[in-house]
Amino acid sequence: MNIIIIEQNEITNDVIRLSDRRADHVRDVLHSSPGDTLKIGILNGPTGVGTVESINHQYIQLRLAQLKETPPARQIDLILALPRPIMLKRILTQAVTLGVGRIYLINANRVEKSFFQTALLAKENYLPLLIQGLEQAMITRMPEVSIHKRFRPFIEDILPIVSKNNSIKITAHPEARLKLHEVIPSRSEGNILLAVGPEGGWNDFEIEKFKQAGFQIFTMGPRILKVDTAIIALLSQIDIISDLRMKQTTLD
């Protein structure tokens, strides 16, 4: 936990009282004492510091100060064919840590129907995983998560609406010719919409629908990665490529 995430309704006259796992972390992991300062982030808001005013076995009281807005980062939205629950747990936290702004969990031919029955898709169950990602990355913006049980209605009806916010639309496919750096324009500062398929990949129909929706298809190379590994690799590479593109634009 690199930052303590709190909600606005937990603050009273700049004072916060923690009595849950956050208090346990401050007390048992950080071994904080009165007078110590901790990094605080207000969910979907600014960051600041909290000075420990009192600490006991029931609660920890902090006084909030030095609030400042954090600059918005380049946004990457993720379309993800719903993976098995144990993998989804890892992906949600990792995707948030790596800066994903919206997550669309969708169906695909190679997605098992039983995956949509998992209790993990209830908001109260996946929300703590998103919070963990915020705490790790020291950010406060909670990603939006939506679930779509039918592929075709998502692609034909919903995708045209959500993709208006994204100038770069890409998806990986083993049979593509282009590499990732070739599908990200050299002079573009728009948001990126990345689609990642299920274990086994998108089928031909699904790839064709993405192409019709304006997606560029690229390959990650000869190695076939598991979905959770592929997402980390892709998000990291996109960050590097985007940074290089922006630096080159500045120099030009």
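Residues numbered from 1 in each chain as written. Predicted model: local features only at pLDDT ≥ 70, side-chain atom pairs only at ≥ 80, totals over all residues. Heavy atoms only, no water.

## Here's the deal with the pattern of salt bridges
(1) Moving on: Applying the stated criterion across every chain yields a total of 11 salt bridges.
(2) Moving on: In this structure, Arg152 and Glu156 form a salt bridge, with 2.7 Å as the shortest nitrogen-oxygen distance. On the criterion of helical spacing, the pair formed by Arg152 and Glu156 is a turn pair, its members being 4 residues apart in helix α4 (residues 151–162).
(3) Moving on: Exposure remark for Arg152: the relative accessible area of 45% places this residue in the partly exposed category.
(4) Moving on: Taking the relative accessible area as the measure of exposure, Glu156 reaches 36% and is therefore partly exposed.
(5) Moving on: With a shortest N-O distance of 2.8 Å, Glu156 and Lys209 are connected by a salt bridge. Pair noted here: Glu156 is in helix α4 and Lys209 is in helix α6 (residues 204–212), with a separation of 53 residues, a long-range link.
(6) Moving on: With relative accessibility at 11%, the residue Lys209 sits in the buried group.
(7) Moving on: If you follow the salt bridges from partner to partner, you end up with Glu10, Asp20 and Arg22 in one network. (Salt bridge = Lys/Arg side-chain N within 4 Å of Asp/Glu carboxyl O. Helix = DSSP H or I, 4+ residues; strand = E, 2+ residues; numbered from the N terminus. Buried < 20%, exposed > 50% of the residue type's maximum accessible area, 1.4 Å probe, protein only.)

## A word on the pairing of strand β11 (residues 192–196)
(1) Moving on: Counting buried positions along β11 yields 5 of 5 residues, so the element is predominantly enclosed.
(2) Moving on: Where strand β10 (residues 168–172) lies against β11, 4 bridges are found, and the strand directions are parallel. Bridge pairing in β11 places Ile168 opposite Ile192. (Pairing = 2+ DSSP bridges.)

## So, the environment of Ile5
(1) Moving on: Here Ile5 is to be found in strand β1 (residues 4–6).
(2) Moving on: The class of Ile5 is buried, set by a relative accessible area of 6%.
(3) Moving on: Along the backbone, Ile5 and Ile232 are 227 residues apart, and their C-alpha atoms lie at a distance of 23 Å.
(4) Moving on: Other than its neighbours up to four places away in sequence, Ile5 contacts Arg22, Gly41, Leu43, Ile131, Leu134, Glu135, Ile139 and Thr140. (Contact = heavy atoms within 4.5 Å.)

## Quick look at the pairing of strand β5 (residues 47–55)
(1) Moving on: Here strand β4 (residues 37–42) pairs with β5 via 5 bridges, running antiparallel. Bridged to Thr37 within β5 is Thr51.
(2) Moving on: Between β4 and β5, which follow one another and run antiparallel, lie 4 residues, and Asn44 among them has a positive phi close to 60°.
(3) Moving on: By the bridge criterion, 7 bridges tie β5 to strand β6 (residues 60–68) in an arrangement that is antiparallel.

## Looking at the sheet that holds β5
(1) Moving on: Here we have 6 strands laid out as an open sheet, ordered β1-β4-β5-β6-β3-β2, and mixed in their pairing. The open sheet has two free edges, formed respectively by β1 and β2 (11–12), since each of these has just one partner strand.
(2) Moving on: Here strand β3 (residues 15–18) pairs with β6 via 4 bridges, running antiparallel. Directly across from Arg17, in β6, lies its bridge partner Gln61.
(3) Moving on: In this fold helix α1 (residues 21–29) packs onto β1, β3, β4, β5 and β6, with an angle of close to 150° to the strand it touches most, β1. (Axes fitted to C-alpha atoms, helices over the stretch in contact; angles between N-to-C directions.)

## Quick notes on the packing of α4 against α6
(1) Moving on: Relative to each other, α4 and α6 sit at 10°, their axes nearing to 11 Å. Viewed along their axes, α4 and α6 adopt a mutual orientation that is roughly parallel. The segment α4 lies against α6, with Phe151, Arg152, Ile155 and Glu156 engaging Phe205, Glu206, Lys209 and Phe210.
(2) Moving on: The class makeup of the residues in the contact of α4 with α6 is 4 nonpolar, no polar and 4 charged. (Parallel < 35°, antiparallel > 145°, perpendicular 65-115°, else oblique. Nonpolar A, V, L, I, M, F, W, Y, C, P; charged D, E, K, R; others polar.)

## Details of the sheet that holds strand β8 (residues 100–106)
(1) Moving on: Strand order in the open sheet formed by 6 strands is β9-β8-β7-β11-β10-β12, with parallel pairing between adjacent strands. The sheet is open, and its two borders are formed by β9 (144–148) and β12 (216–218), each paired with just one other strand. Adjacent strand axes in the sheet meet at a mean angle of 20° when their direction is disregarded.
(2) Moving on: Running over the sheet, α4 touches β7 (76–81), β8, β9 and β11 and is turned about 155° from β8.

## Let's talk about unusual backbone geometry
Most peptide bonds take the trans configuration, and most residues that are not glycine carry a negative phi.
(1) Moving on: Of note in the backbone geometry, Asn13 takes a positive phi value of approximately 50° without being a glycine.
(2) Moving on: The topology assignment puts Asn13 in the loop between β2 and β3.
(3) Moving on: Residue classification places Asn13 among the exposed positions, given a relative accessible area of 67%.
(4) Moving on: For Gln66, which is not glycine, the phi torsion reads 60° and is therefore positive.

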